[in-house]
Amino acid sequence: DARDRAGLAQVVFNPELAAEAHHVARELRNEYVIQVTGTVQRRPAGTENPRLPSGDIEVSATHLEILNPAETPPFYINEEVEVDEGLRLKYRYLDLRRPAMQQRMIMRHKAVKYIRDFLDLEGFLEIETPILFKSTPEGARDYLVPSRVHPGKFYALPQSPQQLKQLLMVAGYEKYFQIARCFRDEDQRADRQPEFTQLDVEMSWIDEDDIMALAERLYTGLIRQLRPDARLDSPFPRLTYQEAMLKYGSDKPDLRFGLEIANVTDVLAATEFEVAKSAIRDGGIVRGLAAPGCGGYSRRQIDDLGELAKSYGARGLITIALGAPGEAPASLDELTMEHVRSNVARFFTIQQVQELARRTGTKPGDLLLMVAGAEAVVANVLGSLRSALGERLGLADPNYFALAFVVDFPMFERNEDEDRWEPMHHMFTSPMPADLHLLETDPGNVRARAYDLVCNGYELGGGSIRIHRRELQQQIMRLINLSPEVQQERFGHMLEAFTYGAPPHGGIATGIDRVAMLLAGAPNIREVIAFPKNQSAQDVMTDAPSEVEAKQLGELHVRVVPAPSAHG
């Protein structure tokens, strides 16, 4: 079998037709690079291979040249077998030969091409913005680049082209997009890399509905083009931030299945269960959800769920099993305490158990899960448990793309450690006009003109209507404790630009890596990036980051300071 990017072709060496080629062919081993000359012909009847696109033909070789022999690869390339990811990343150039990886790279290429063609037809201009920019720390840590020409000064790699795309709106370009490289020095996870690619879109003279309508047309068309087997709902539903957090415990909910979270604080407050009542007295809440068909879980399985809940921040998990499937009554009305299995059952009446079940949609044969505590902790725990149950119970259809917009985000969130307000999105997001009067007196209740596009438990992207007036931008900067001196030093270029007639504008940025991951059905974004970093932000193929020569550091006027010891 000879393989190139297009696939496999069977090559036949017949000693009677080409003795020399047949002789050379005896030296061939896996992954040898060869050049074959021959005739394409139909395979003899009965030898066709219907599993291959080229299974009806073969190449009858007349000449064979070995261009480059190959060592035995460290893993199989033509077979889809489980391979340690560290080994795959070390030999990424071999991993990329595998058909599955090539299909993912092709899928990504087609996605980017579709995006470019779509936005071109919509009247957008693709404009590149600098990679070397000014450090304006306002979120994740910047990657810094020392300047040789300007000793002691640094460029920053952009976390996003946010300021530059707004300046393009000031410049009158009205419709801009870019497939932008972005850099953030933050901890890694399955859908995060230190360098990533995003689709950056900005428009003037628009509102939220215009941006969301554009994004919906783009991603509906993209998914239908590249995944015609997929199920997709349109129009995309819209959830408020508050609704998403109450029902799903997440601002990026997986809507491929139900398992909605319900508030049961009042029911628990009326019981004799002191643990829950104590949490409620301290200002906490109790919420719960149903684990369908899990009423027969063993003690060990329930304990495993409890440990999972604790890993997400819960002090404990309250569980009530409503009978094992097949043994439970037909309806909640027939349920008795004899059917109920729980280590806290003695604190509840059957009427209270039935009310909890109705609130949470728990049916006979299901397992009811509840968490008590501070609202943010309860939302995170139950949202994480909901996602874990969806995966464990196989509730999510892998061919369903459940896209939705989350809107009405809070403008600010409280940084308790530093006793100050921080922007939930970024400081250039415009507040809702109806909430402007709350900025100075009640910033916690100000809503942002922000929106996120979510799909299957991932945030594909986010955007907002931007601030375009200097006075409002400076008010927001003051509110998050940026002094006039810091405002001018970091953002003076933007504040000045706003005085030259900046139009109303807004945009959205969506992650190309995450989009490609979902289109390809891959488990993480490393599977759709040609040369990714590992979970420790290292390139194990080239051993980067690495030390550099003292001469290079000297030219950059940089000195390496040893890390402090464990004893300080």
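Residues numbered from 1 in each chain as written. Predicted model: local features only at pLDDT ≥ 70, side-chain atom pairs only at ≥ 80, totals over all residues. Heavy atoms only, no water.

A. Quick peek at the side chain of Glu58. Secondary-structure assignment places Glu58 in strand S5 (residues 57-68). Despite its burial, Glu58 pairs with no opposite charge; the closest candidate is Arg43, at 4.8 Å N-O. In this structure the side chain of Glu58 is engaged in a polar contact, spanning 3.5 Å, whose partner is the side chain of Gln10. The contacts of Glu58, once residues within four sequence positions are left out, are Gln10, Val12, Thr39, Val40, Gln41, Arg42, Arg43 and Pro44. (Helix = DSSP H or I, 4+ residues; strand = E, 2+ residues; numbered from the N terminus. Buried < 20%, exposed > 50% of the residue type's maximum accessible area, 1.4 Å probe, protein only. Lys, Arg positive; Asp, Glu negative; His and termini not counted. Salt bridge = Lys/Arg side-chain N within 4 Å of Asp/Glu carboxyl O. Polar contact = N/O pair within 3.5 Å; in protein donor to acceptor, adjacent residues only side chain to side chain. Contact = heavy atoms within 4.5 Å.)

B. How the structure looks around the nonpolar core. Among the nonpolar cores identified, the biggest contains 45 residues, and Leu119, Leu199, Val201, Phe401, Leu403 and Leu519 are the most heavily contacted of them. When residues in this core are grouped by element, the largest group, nine residues, is from helix H6 (residues 208-226). When residues no more than four places from it in sequence are discounted, the contact partners of Phe401 are Ile223, Arg227, Ala230, Arg231, Leu232, Asp233, Cys455, Asn456, Leu518 and Leu519. Core analysis: the next-biggest nonpolar cluster, separate from the first, contains 32 residues, Leu255, Ile467, Phe491 and Ala502 among them. (Core = buried A, V, L, I, M, F, W, Y, C linked by side-chain atoms within 4.5 Å.)

C. How the structure looks around the sheet that holds strand S17 (residues 367-373). Strand order in this open sheet of five strands is S13-S14-S17-S15-S16, and the pairing throughout is antiparallel. The outermost strands of the open sheet, each flanked by one partner alone, are strand S13 (262-263) and strand S16 (340-341). Relative to strand S14 (residues 285-291), S13 runs antiparallel, the two being bridged by two bridges. Counterpart to Ala262 in the pairing with S14 is Gly288. Along the sheet, helix H12 (residues 375-392) contacts S14 and S17; its crossing angle with S14, the most-contacted strand, is approximately 5°. (Pairing = 2+ DSSP bridges. Axes fitted to C-alpha atoms, helices over the stretch in contact; angles between N-to-C directions.)

D. How the structure looks around the packing of helix H4 (residues 99-121) against H6. Relative to each other, H4 and H6 sit at 140°, their axes nearing to 10 Å. Taken together, H4 and H6 sit at an angle that is classed as oblique. Handedness of the crossing formed by H4 with H6: right-handed. Along the contact surface, H4 presents Met107, Lys110, Ala111, Tyr114, Ile115, Phe118 and Leu119, while H6 presents Leu214, Arg217, Leu218, Gly221, Leu222, Gln225 and Leu226. Classifying every residue of the contact of H4 with H6 by side-chain character gives ten nonpolar, two polar and two charged. (Parallel < 35°, antiparallel > 145°, perpendicular 65-115°, else oblique. Left-handed = near helix turned anticlockwise from the far one by under 90°. Nonpolar A, V, L, I, M, F, W, Y, C, P; charged D, E, K, R; others polar.)

E. Summary view of the packing of aromatic side chains. For the structure on display, the rule yields seven aromatic pairs. Considering the side-chain rings of Tyr114 and Phe118, the 6.4 Å spacing of their centres and the 15° angle between planes classify their relative orientation as stacked. Residue Tyr114 and its partner Phe118 are located together in helix H4, separated by four residues, close to a single helical turn. Between Phe236 and Phe405 the ring centres are 5.9 Å apart and the planes differ by 40°, which places this aromatic pair in the tilted class. With Phe236 in the loop between strand S11 (231-232) and strand S12 (238-240) and Phe405 in strand S19 (residues 403-407), this residue pair connects regions lying 169 residues apart in the sequence. Classification of Phe236 by relative accessible area gives buried; the value is 4%. The aromatic ring of Tyr91 is capped on one face by Lys90, whose charged end is 5.8 Å from the ring centroid. For Arg414, the ring lying beneath its charged end belongs to Trp421, and the centroid distance is 5.0 Å. (Phe/Tyr/Trp six-rings, centres within 6.5 Å; stacked < 30°, edge-to-face > 60°. Lys NZ or Arg CZ within 6 Å of the ring centre and 35° of its normal.)

F. Broad picture of the pattern of salt bridges. This structure, assessed with the given rule, holds 35 salt bridges. For Glu274, the salt bridge goes to Arg281, with nearest N and O atoms at 2.3 Å. Owing to a relative accessible area of 41%, Glu274 belongs among the partly exposed residues under this scheme. For Arg281, a relative accessible area of 55% gives the class exposed.

G. Here's a closer look at H6. Taking 1.5 Å of rise per residue, the 19 residues of H6 would be expected to cover 27 Å, and the 27 Å separating its terminal C-alpha atoms lies within 8% of that figure. Among the residues of H6, the N-terminal cap falls to Asp207, whose side-chain oxygen and the backbone nitrogen of Asp209 are separated by 3.1 Å. (Expected span 1.5 Å × (residues − 1).)

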